[in-house]
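Reading the structure
The residues making up each chain are set out below.
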Amino acid sequence: MNKYTPIIGLETHVQLDTKSKLFCSCNNESFDAAPNTNICPICSGQPGTLPVINKTAILYTVKAGIAMHCDINKYSKWDRKSYFYPDLPKGYQISQYDKPLCIGGYIDILLDNKEEKRIRLNRIHLEEDAGKSIHDRSIEYTYLDYNRCGTPLIEIVSEPDLCSASEADKYGKEIRRIVRYLGISRADMEKGHMRFDINVNVKIETDNNETKYTPIVEVKNLNSFKALIKAIEFEINRQIEDFEKTGITKSEKNKTTRLWNDNKGITSQMRTKEEAADYRYFPDPDLVPIILDDDYINNVKKDISELPIDKLKKYLSLGLENNISNYIVDNKNLADYLDSCLLKIGDNKEMQKEFLNWFGRDFFQLLNQVSSNDKIEDSSVIKITEDDFIELITLIVNKKITRNLAKEFLIDMWDNDKKLIELKQQIPQESLDIDQIINNVLENNQNMIDQYKNGNMKVFNVLIGLVMKESKGLINPKDITNKLKEILEK
Amino acid sequence: MINIEKLKITNIHNSLINKEYTCTELIQSYFDKIQKTNKTYNVFSSLCEQEALEKAKNVDEKIDRNEKIDLLEGAPFSVKDSICTIDGYTQAGSNILKGFKSSFNATVIEKLLNKGAILIGKTNCDSFGHGSSTKNCDYGIVKNPYSLDYVAGGSSGGAAASVALDMCTFAIGEDTGGSIRQPASFCNVYGLKPSYGRNSRYGAISYGSSLDTIGPIANNVEDIKIIEYAIKGVDEKDVTTIYDDKNKTDINVKTIGIIKEFINDGLDKNIKDLFYNRLEEYENKGFIIKEISMPSVKYAIASYYLIACSETSSNLSRFDGVKYGIRSNDTKLEDMYRNTREIGFSFETKKRIILGTYSLSAGYADKYYKKACIARNLIKTEIDNIFNNVDVILAPTCPTLPFEINPTVALDPMTEYLADIYTVMPSLTGICSLNIPLGFINNLPTGMQIIGNRLEEDKIIEFAKI
Amino acid sequence: MFVDKEKIKYIAKLSKIKLSNKELDQISKQVEQILEYVDQLNEINDDIEPLENISGNYNRLRDDVIIDFNNKEQILKNAPKTKDGFILVPKVLDN
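Please read all numbers here as calculations on a predicted model, not as lab measurements. (Residues numbered from 1 in each chain as written. Chains lettered and ligands numbered in written order. Predicted model: local features only at pLDDT ≥ 70, side-chain atom pairs only at ≥ 80, totals over all residues. Heavy atoms only, no water.)

1. Observations regarding the overall build of chain C
Per the secondary structure count, chain C includes three helices and three strands. Across chain C, helices and strands are ordered from the amino to the carboxyl terminus as α-α-β-α-β-β. Its C-alpha atoms give chain C a radius of gyration of 23 Å, clearly above 12 Å, the size a compact globule of 95 residues would have. Along the first, second and third principal axes, the C-alpha set of chain C runs to 55 × 45 × 25 Å. Burial status across chain C gives 47% buried among its 95 residues. Looking at chain C as shown, the accessible area adds up to about 5,300 Å², and 47% of this sits on carbon and sulfur atoms. Each charge class in chain C was averaged separately, 15 positive and 18 negative side chains, and the resulting centres sit 14 Å apart. (Helix = DSSP H or I, 4+ residues; strand = E, 2+ residues; numbered from the N terminus. Rg over C-alpha atoms; globule rule 2.2 N^0.38 Å. Buried < 20%, exposed > 50% of the residue type's maximum accessible area, 1.4 Å probe, protein only. Areas by Shrake-Rupley, 256 points an atom, 1.4 Å probe, with all protein chains shown as cover. Lys, Arg positive; Asp, Glu negative; His and termini not counted. Charge placed at Lys NZ, Arg CZ, Asp CG, Glu CD.)

Here it is as structure tokens:
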């Protein structure tokens with residue numbers, strides 16, 4: 001039996017969420033814009049124009065590099081990558097070739113078996129996006145929209161450390177989490193903010209201890225996690241089948257590029273023969289190099305606190321469920337809320353435990369009710385202030401309020417916009433005399449005492465209910481049970 | 001009729017404020033001259049008569065209201081066809097941009113228009129700057145103002161001729177390897193190649209991006225100074241523009257350098273004589289003439305052509321029939337690309353693109369492009385050293401007289417390139433150089449370069465007044 | 001310095017330049033001539049740094065501010081073929 005090990009490398013393109021484009025001051029947000037309305041002479045490649053770099057794009061790229069543990073190149077430069085395509089107006093893309101902003105680095109992912117795996121990075125560089133070519137509006141013509149030309153992209157290149165579609169999926173999702181965390185990209189797949197190119201081949205270890213490799217295949221432009229997974233799985237199978245049929249192994253000359261067809265669920269060879277593309281990289285004479293000093297890099301470092309995977313590990317160790325922990329990490333506003341509350345609670349273990357129970361259960365129940373029209377990412381979706389939540393927990397821990405009443409309060413605050421300060425007035429200020437209330441109830445229900453004494457256990461619960469009603473739910477049922485028993489035994 | 005012969009900017013300004021003539025009369029006189037002479041010399045590729053007269057009218061109304069007008073206000077100027085202007089066409093001397101209207105003005109042009117100068121029209125040039133004669137202009141050769149059998153030079157031939165023929169007061173040209181200085185020399189006018197980065201390139205259609213400079217052409221040196229001061233300056237739209245932080249107090253010239261390697265058998269004997277006569281005059285006036293050796297200058301042409309062609313091969317990729325200019329009638333994209341560029345580009349342009357692409361192609365880039373950049377460093381290091389010992393360098397502008405339009409023996413293409421020997425060195429090193437008229441030989445003009453260190457335009461302009 | 005015509009053909013294809021047989025001949029010869037001339041650059045030591053940044057500038061960056069261009073109509077007007085705001089080109093062969 002041959003042993004097959006897939007070898008996968010990912011190139012992830014992430015659109016940076018700057019206000020203006022990379023080389024010109026056009027609006028960077030084009031999702032709903034009419035075609036060719038966010039353009040200017042620079043991004044549409046008019047004669048005589050020159051590029052000028054957006055300083056926030058540099059900042060965002062360095063942020064990504066630091067978060068992904070890269071070395072930041074103190075000297076980096078810009079190169080022209082030449083090829084002809086209608087959505088590339090200048091006939092070259094401005095990118096970074098031999099001196100990118102970030103080199104090396106790694107991203108840690110959590111596998112299903114809870115083990116951590118480190119995926120090494122090769123580099124992160126900054127470049128401009130091309131426009132959009134629409135092929136299906138007409139038989140004769142391709143329709144071009146240059147709104148996207150010049151959008152800043154970071155390209156995150158991994159080493160071929162991934163071994164499965166599932167790992168690639170986790171890796172891609174971790175990148176998405178990180179860039180959202182850093183606030184450098186919204187990474188909304190549906191808006192095309194993130195795209196993947198994959199390089200896949202398979203290592204084959206035969207029975208007679210030979211090691212062979214299938215030819216490397218590049219599949220470009222996968223724009224959803226679903227497509228990423230399906231394309232990888234398809235390619236792995238196809239390559240194994242191919243190898244078993246033909247025995248062809250990897251060589252310097254047989255790397256090919258294939259296209260993923262989502263409708264058919266297959267990759268197919270590109271129709272034109274792909275000669276090794278000669279991009280004729282050379283330094284762009286219209287731009288000048290970037291020199292970053294230690295101060296700049298350190299300032300960026302200061303801005304970056306905990307990373308998503310660190311948060312995930314923290315929440316899991318605090319006892320929050322896996323699904324809930326991941327959900328919180330995926331929605332930064334929730335994570336910020338949780339972290340802030342935990343910080344305010346501090347070392348008080350009892351408070352922390354009570355709070356986390358409520359957060360992971362009751363709070364989430366309320367969140368689930370949030371309609372799909374409200375965005376979870378929007379912090380206004382959380383209807384309880386941190387201080388109110390913490391005060392509520394404090395009241396519970398100090399036995400000033402029963403959990404039932406606390407639950408009512410929580411729902412009231414969430415649904416009806418009430419503040420805890422109003423609701424607190426409903427808690428009776430004097431300490432309740434349990435003895436007196438129970439004696440009152442017993443006095444009025446003499447027959448039940450008799451029934452209890454005669455062995456009717458059910459009546460005990462009725463009495464508890466009556467005591468609770470009398471005390472307006474402000475006494476802990478457990479306390480009532482104990483006291484009632486005590487009194488009845490007398 | 002106003003006498004517009006060799007009118008200076010200050011003359012015009014004074015005449016206008018003294019109401020000796022109106023701006024409208026002035027502009028009309030220039031257009032009359034153009035009417036009479038443009039067909040013969042083929043200077044302009046497009047004219048902006050209506051817009052110009054409109055602007056002249058506004059200047060006259062300002063004067064009538066006794067409002068102050070700027071020094072440049074009302075002065076008519078021409079612009080090389082490869083520099084973007086909203087008015088007129090911007091065709092870069094090439095078929096591929098036939099009828100192209102730019103959506104913006106180049107920064108330098110915007111500055112002049114804001115100061116009230118009046119755009120007359122766009123002047124013919126070798127397409128995309130590829131040439132030193134305008135023989136490579138798809139809209140026809142520009143004839144030499146002094147003789148119809150000879151070229152006006154290139155690539156800014158039309159610009160230089162427009163000034164020499166009094167079709168405008170001054171011109172804006174572009175110089176990558178000599179394209180302002182050489183035609184200025186052929187047309188007997190002053191032409192300044194400024195230091196690289198002193199004037200904004202934004203709006204100039206790029207030829208060799210690390211070499212291109214935009215500069216003024218005029219009939220006298222005072223005008224050169226006025227225009228240069230109006231157009232210079234850092235532009236946020238062009239990150240290669242440099243701050244002019246030079247100490248301006250010392251613009252005195254004591255020592256003049258002559259590059260030994262420039263004086264050889266390639267230099268026309270008559271030009272050499274004129275040049276040395278001029279040197280003698282300077283010596284008699286008390287200047288010290290120093291002969292200096294610059295061994296690396298022998299690599300200048302090789303370095304220049306590799307860099308310029310590499311950069312142009314990339315800069316011209318955007319001319320593909322997709323977004324502007326002409327487009328061939330094809331139903332397949334690949335055919336459209338190739339046929340558009342076939343119809344649109346001249347042989348010389350195609351050749352330079354091929355040479356440039358070759359020089360940058362995989363496996364060859366280190367040998368050609370990178371090597372050329374190494375040579376460039378060597379040459380720059382030598383010139384930096386030389387300027388520690390001399391104040392200015394003097395050199396001929398062209399080793400030959402203006403080229404014949406129909407020579408009996410066709411010029412070897414390599415020979416044409418080699419004629420750039422005196423002008424490419426300042427281009428490679430980013431320093432400044434001013435062509436001044438030197439004299440006539442057989443009724444054809446020839447000029448001389450005053451070469452100064454980076455940002456020392458004031459020094460060379462002052463020296464030109466001597 | 002022999003220049004392979006096949007290489008010139010490949011370069012022409014890369015740069016989307018069409019060459020007739022005559023032009024292929026002429027350009028190959030002229031390029032050969034030029035390359036022979038530039039061969040003298042090989043005398044220079046590779047130890048010297050290539051000069052690639054003649055302006056000497058660094059870090060010329062722009063603030064992240066939106067400025068709307070005021071003459072987009074002319075940009076679209078310049079396109080040889082447009083429809084519904086798109087620029088049209090003959091179909092790319094493989095999608």
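2. Here we look at the sheet that holds strand E6 (residues 92-95) of chain A
All names here are of chain A. Spatially, E6-E5-E18 is the arrangement adopted by the three strands of the open sheet, whose pairing is antiparallel. The open sheet has two edge strands, E6 and strand E18 (282-283), and neither has a second partner. Of the pairings in the sheet, the one linking strand E5 (residues 79-82) to E6 comprises four bridges and is antiparallel in character. Paired with Arg-80 across the strands is Ile-94, a residue of E6. (Pairing = 2+ DSSP bridges.)

3. So, the packing of helix H6 (residues 322-330) of chain A against helix H8 (residues 349-368) of chain A
All names here are of chain A. Viewed as axis vectors pointing N to C, H6 and H8 meet at an angle of 70 degrees, and their least axial separation amounts to 11 Å. The angle between H6 and H8 falls in the class roughly perpendicular. On H8, the residues that touch Ile-324, Tyr-327 and Ile-328 of H6 are Phe-359, Gly-360 and Phe-364. Taken together, the residues that form the contact of H6 with H8 break down as five nonpolar, one polar and no charged. (Axes fitted to C-alpha atoms, helices over the stretch in contact; angles between N-to-C directions. Parallel < 35°, antiparallel > 145°, perpendicular 65-115°, else oblique. Contact = heavy atoms within 4.5 Å. Nonpolar A, V, L, I, M, F, W, Y, C, P; charged D, E, K, R; others polar.)

4. Things to note about the pattern of salt bridges
Residues and elements named next belong to chain B. Tallied over the entire structure, the rule returns 68 salt bridges over all chains. When the shortest N-O distance is used, the salt bridge between Lys-62 and Glu-73 registers 2.8 Å. Within this pair, whereas Lys-62 is found in helix H3 (residues 49-64), its partner Glu-73 is found in the loop between H3 and strand E2 (76-80), the two being separated by 11 residues in sequence. Judged by its relative accessible area of 23%, Lys-62 falls in the partly exposed class. For Glu-73, a relative accessible area of 7% puts it in the buried group. Between Arg-198 and Glu-457 there is a salt bridge, with its nearest N and O atoms 3.2 Å apart. Of the two residues, Arg-198 is situated in the loop between strand E7 (190-193) and strand E8 (213-218) and Glu-457 in helix H15 (residues 457-464); the sequence distance between them amounts to 259 residues. (Salt bridge = Lys/Arg side-chain N within 4 Å of Asp/Glu carboxyl O.)

5. Quick notes on helix H10 (residues 403-416) of chain A
All names here are of chain A. In a regular helix each residue adds 1.5 Å, so 14 residues correspond to 20 Å; H10 covers 19 Å between its end C-alpha atoms and thus fits that length. Listing the buried residues of H10 in full gives Leu-405, Ala-406, Phe-409, Leu-410, Asp-412, Met-413 and Trp-414. Its buried side turned inward, H10 meets H8, helix H9 (386-397) and helix H11 (420-423). Remark: Asp-417 follows H10 within two positions and exhibits a positive phi of approximately 60 degrees. (Expected span 1.5 Å × (residues − 1).)

6. Brief notes about the interface of chain A and chain C
In this complex, chain A contributes 53 residues to the contact, which on the side of chain C involves 38 residues. With both chains or domains summed, chain A and chain C bury close to 4,100 Å², and 59% of this area falls on carbon and sulfur atoms. Per-residue buried area on chain A facing chain C is highest for Ser-25, Tyr-141 and Tyr-143 of chain A; these three make up 13% of the total on that side. Asp-84 of chain C is paired through a salt bridge with Arg-137 of chain A; the nearest N and O atoms lie 3.4 Å apart. Here chain A and chain C share 24 residue pairs in polar contact (both at pLDDT 80 or more) between them. Where the side of chain A that touches chain C is concerned, the elements lending two or more residues are strand E2 (53-54), helix H1 (55-67), strand E11 (141-145) and strand E19 (290-291) of chain A. Broken down by element, the side of chain A that touches chain C gets its largest block of residues, five residues, from E11 of chain A. Residues of the side of chain A that touches chain C, tallied by class, amount to 28 nonpolar, 14 polar and 11 charged. Bridge count between E2 of chain A and strand E1 (residues 61-62) of chain C: two bridges; the pairing is parallel. (Buried area = accessible area lost by both parts, 1.4 Å probe. Polar contact = N/O pair within 3.5 Å; in protein donor to acceptor, adjacent residues only side chain to side chain.)

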